[in-house]
Each structure stands twice: as C-alpha cells, then as structure tokens.
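What follows is the residue order along each chain.
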Amino acid sequence: MSGDSDCTRTSPSAGSPSDNEFLPDQPKYVCSLSPDLITKAREELQEKPEWRLRDVQALRDMVCKDYPSLGTCLDDAFLLRFLRARKFDYDRALQLLVNYHTCRRSWPEVFNNLKPSAIKPVLESGFVTVLPHLDPEGRHVVCIRPDRWTPSNYPITENIRAIYLTLEKLIQSEETQVNGIVILADYKGVSLSKASHFGPFVAKKVIGILQDGFPIRIKAVNIINEPRIFKGIFAIIKPFLKEKIANRFFLHGCDLNSLHQNIPPVILPEEYGGTSGKLDISAWNELLLASEEDFLHDFSQLVLPCDSSPHDMLVSGDADEKQCDDSLRGMKPQLYYCY
C-alpha cells in the first residue's frame, strides 16, 4: 500500500463526509488524564483539551502533505505522544515523528525483529527494569545496571533493544507522556573492557534516539556508583547532549544521601538505601513479555514503503560514522587514563 493511500485512508479532511463512508472506523481517543494532570498538561505542555483533537488533526494533515510515504500510524493517541513531547509545537512534533521513523529504519541491528521475547535474556539478566513505585512527581523510574551484562553472551545492541521496548511500553501511558520519566543508572563494577563497547558511534545513536527520536520526556538521569572510568564515558557522551539534557545528569558516586535528594528512599529498593524491599525485576519482565501481541500489532503499523528514503528525512550517514570513528580513536587514551 502506498504512503498516499495510507494518508487518504486515515486522515479524512474535515467537511468531507462522503469520503468518510469509505474509511474504516478509527480508534476513538478518550482522555485518561486526571483533572490535576489535565491542568499540568495545560501549564507545562500548552495542551488545551478543547483544542486537542484539532491539534492532532493538524499534525496528521502535515504528515500527509509533507511526508505521504512515511508509513506511520496516524491514530489520535499515537500522534498525541509527539505533540506532548514537543509542547504542541506542530513543526517540532512533526520533526520528532519523522526522526522516530528514521532512527528505527537506520539501525536494523536494533529494530529488526524487535519484540519482548527476542530480548528475554536481557530482561532476565536484570540489565533494565522499572521500579514498582512512582516518584513524588508521578514519574516512573527506569533502573539500568550495566554490570548485569556479560558482553560474551550478546552484543550491546541487545541492551539497547531492551531499553527501547521498555520506553515504548512506558509511553503508552498518558500519565508518562505528561510527567516524563527518571533514569537511575548503577555503574558499579563497570570495567574498561565493558566500557569500550559504548563508543562514540553507539553513544551518538542512542542519544539521538532519546533526545530527538522518541516521544518521551527524560526529566533526570541519576548516576550511582560510577567508577573513575565514567569520566571517560561521560566525555564520549557529553558532546552529543543538548545543554538542557546535560544539566539533568546527576553524578552521585557512592553517596546514597545525595541520591535520596533526587529519588526518595520510600520508592527505592534496599540496594540503594531504600525501604521498598529487595529489587524485584520479575513484575516488569512479566508485564513486558505479556505485551508481545500489542507490540507486534503496533509495530506492524510502522511500515517502510518501498519508495521511501529515510535518509532524506534526517541527515546521517558515512560522514557521521567517520566522525564517530575519529572521536573513538581520540577517546581511547582518555578511557585508559581514567581507568
């Protein structure tokens, strides 16, 4: 099916009821936000409930006009994720949507056969999980533990796949779309050999997705138990970070009291000086694995038409890869120095 027919099918223009007769029923959006979150979305995201569907239709029309072969889902709920992530700025929301697809199509090692069952070993290792309790701002805490990864078992891209699916699951919630998330990364035991897998090319790809290619608001990144080598890792990451995101990184070292200033002990597991019991990864793993069919359905709507050229949408390629390779050669001595 061509991109044009996709837009014709899912984006009827207002005032053309004759066309609607030939359109399948579209999922009707029903807002699940509480009154408090509706107020928060209005104040922080410029979301006006009375204009919400008008804004969605405006974005849908822009997709069909400017990117008819994008091959995207055009449901109200899906497009709302991108509007909220960019505070209802149509142009920025459109660019985020295009970047979302471009990122997915330009890194096949991560996005081919992307489903929970395919990354089960990563989930079972405990590399990434979500804490069971929300923080005081209503945000989920994503816990990442690189020491749980054994490089000889599978490549680093499997870890990235697990993180991506975790974010995809979280962003289905309207509450998360409004409140954002918090990341807790425990770098205890990360060695030089393990850190070397996260070079500038991988760093640039991951940060590009999180900053400009995924509709989620990362409100804080808390780093705990970072060894000296993390100075080298952060030196690789920082050039790719926007200032706003860079300012949301908090390096706590082994100081749990410092961590507790950002994440209260009542929602943290015992491993991080909390009072919510031992860290349990089973509940999140079960939830993610139970969502297999939902992911397969959702991702089936993100189709790459044969006549599309994602590299025309977001410029990247050999020049960027060469730059990253050059950066990696320059950073290796710094990693060894920090170690």
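Please read these numbers as outputs of a predicted model, since none were measured by experiment.

A word on the sheet that holds strand β2 (residues 140-144). Read across the sheet, five strands follow the order β1-β2-β3-β4-β5 without closing on themselves; strand pairing throughout is mixed. Among the strands making up the open sheet, the edge pair consists of β1 (128-130) and β5 (249-251). Taking the axes of each pair of neighbouring strands and ignoring which way they run, one obtains an average angle of 20 degrees across the sheet. Bridging between strand β3 (residues 181-186) and strand β4 (residues 218-224) involves six bridges; their strand directions are parallel.

What follows concerns helix α4 (residues 52-66). The terminal C-alpha atoms of α4 lie 21 Å apart, and with 15 residues this matches the ideal 21 Å at 1.5 Å per residue to within 8%. Of all the positions in α4, only Arg52, Asp55, Val56, Ala58, Leu59, Arg60, Met62, Val63 and Cys64 are classed as buried.

Relative placement of two packed helices is described by the angle separating their axes and the distance separating the axes. Taken N-terminus to C-terminus, the directions of helix α9 (residues 156-170) and helix α16 (residues 282-289) make an angle of 80 degrees; their axes are 11 Å apart at the nearest point. Comparing their axes, α16 and α9 come out roughly perpendicular. Facing Leu165, Thr166, Lys169 and Leu170 of α9, the residues of α16 in contact are Trp284, Leu287 and Leu288. Among the residues forming the contact of α9 with α16, the class breakdown is five nonpolar, one polar and one charged.

Attention now goes to the nonpolar core. Counting residues in hydrophobic clusters, the biggest one holds 76 residues, and the most contacted among them are Phe78, Trp107, Val142, Ile181, Phe214 and Leu241. In terms of residue count, the dominant contributor to this core is α9 (eight residues). Three or more residues apiece are contributed to this core by two domains, here domain 1 (35-106) and domain 2 (117-297). Aside from chain neighbours lying at most four places away, what touches Val142 is Val128, Thr129, Val130, Thr166, Leu170, Ile181, Val182, Ile183 and Leu184. If you look at the next biggest cluster of nonpolar residues, it comprises 13 residues, including Val141, Leu268, Tyr272 and Leu279.

Per-residue pLDDT for the protein chain averages 85, and the proportion of residues at 70 or more is 81%. In this model residues 1-5 is a low-confidence stretch, pLDDT under 50, and it forms five contacts with partners more than four residues away in sequence or in other chains. Counting contacts from residues 305-339, a segment whose pLDDT is below 50, to residues more than four positions away or on other chains yields 45 contacts.

Moving on to the pairing of β3. Among the six residues that make up β3, six are buried, leaving the element largely enclosed by the rest of the structure. Side-chain alternation along β3 places Ile181, Ile183 and Ala185 on one buried face and Val182, Leu184 and Asp186 on a second face that is also buried. For β2 and β3, the ladder comprises five bridges, and the chain directions are parallel. Residue Val141 lies in a different strand from β3, and its bridge partner there is Val182.

Now for the pairing of β2. Most of β2 sits out of view: four of its five residues are buried. Looking at chain direction, β1 and β2 are connected through three bridges and run antiparallel. Bridge pairing in β2 links Val128 to Ile144.

On to the environment of Ile236. Take Ile236: it is sitting in helix α13 (residues 230-237). Of the residues examined, Ile236 reaches a relative accessible area of 3% and is grouped as buried. Measuring from C-alpha to C-alpha, the distance between Ile236 and Pro200 comes to 5.8 Å, with 36 residues separating the pair along the chain.

Looking now at the pattern of salt bridges. Under the criterion given, the structure shown has 14 salt bridges. Taking the shortest distance from any N to any O, the salt bridge between Arg81 and Glu168 comes out at 4.0 Å. Of this pair, Arg81 sits in helix α5 (residues 76-85) while Glu168 is found in helix α9, placing the two residues 87 residues apart along the sequence. Of the two residues, Arg81 and Glu168, neither departs from the other in class, the shared state being buried. Glu168 serves as the salt-bridge partner of Arg104, at 3.9 Å between the closest nitrogen and oxygen. Separated by 64 residues along the polypeptide, Arg104 in helix α6 (residues 90-106) and Glu168 in helix α9 bring together distant segments of the chain. Like Glu168, Arg104 is buried. Beyond isolated ion pairs, a larger network of salt bridges with shared partners links Glu47, Arg52, Arg84 and Glu174.

On the secondary structure map, Asn225 appears in the loop between β4 and α13. Here the side chain of Asn225 touches Asp186 through a polar contact of 3.1 Å, side chain to side chain. Apart from residues lying up to four places away in sequence, Asn225 is in contact with Asp186, Tyr187, Lys188, Gly253, Cys254 and Tyr272.

What counts and how
Residues numbered from 1 in each chain as written. Predicted model: local features only at pLDDT ≥ 70, side-chain atom pairs only at ≥ 80, totals over all residues. Heavy atoms only, no water. Pairing = 2+ DSSP bridges. Helix = DSSP H or I, 4+ residues; strand = E, 2+ residues; numbered from the N terminus. Axes fitted to C-alpha atoms, helices over the stretch in contact; angles between N-to-C directions. Expected span 1.5 Å × (residues − 1). Buried < 20%, exposed > 50% of the residue type's maximum accessible area, 1.4 Å probe, protein only. Parallel < 35°, antiparallel > 145°, perpendicular 65-115°, else oblique. Contact = heavy atoms within 4.5 Å. Nonpolar A, V, L, I, M, F, W, Y, C, P; charged D, E, K, R; others polar. Core = buried A, V, L, I, M, F, W, Y, C linked by side-chain atoms within 4.5 Å. Domains from an automatic or database assignment. pLDDT = per-residue confidence, 0-100. Salt bridge = Lys/Arg side-chain N within 4 Å of Asp/Glu carboxyl O. Polar contact = N/O pair within 3.5 Å; in protein donor to acceptor, adjacent residues only side chain to side chain.

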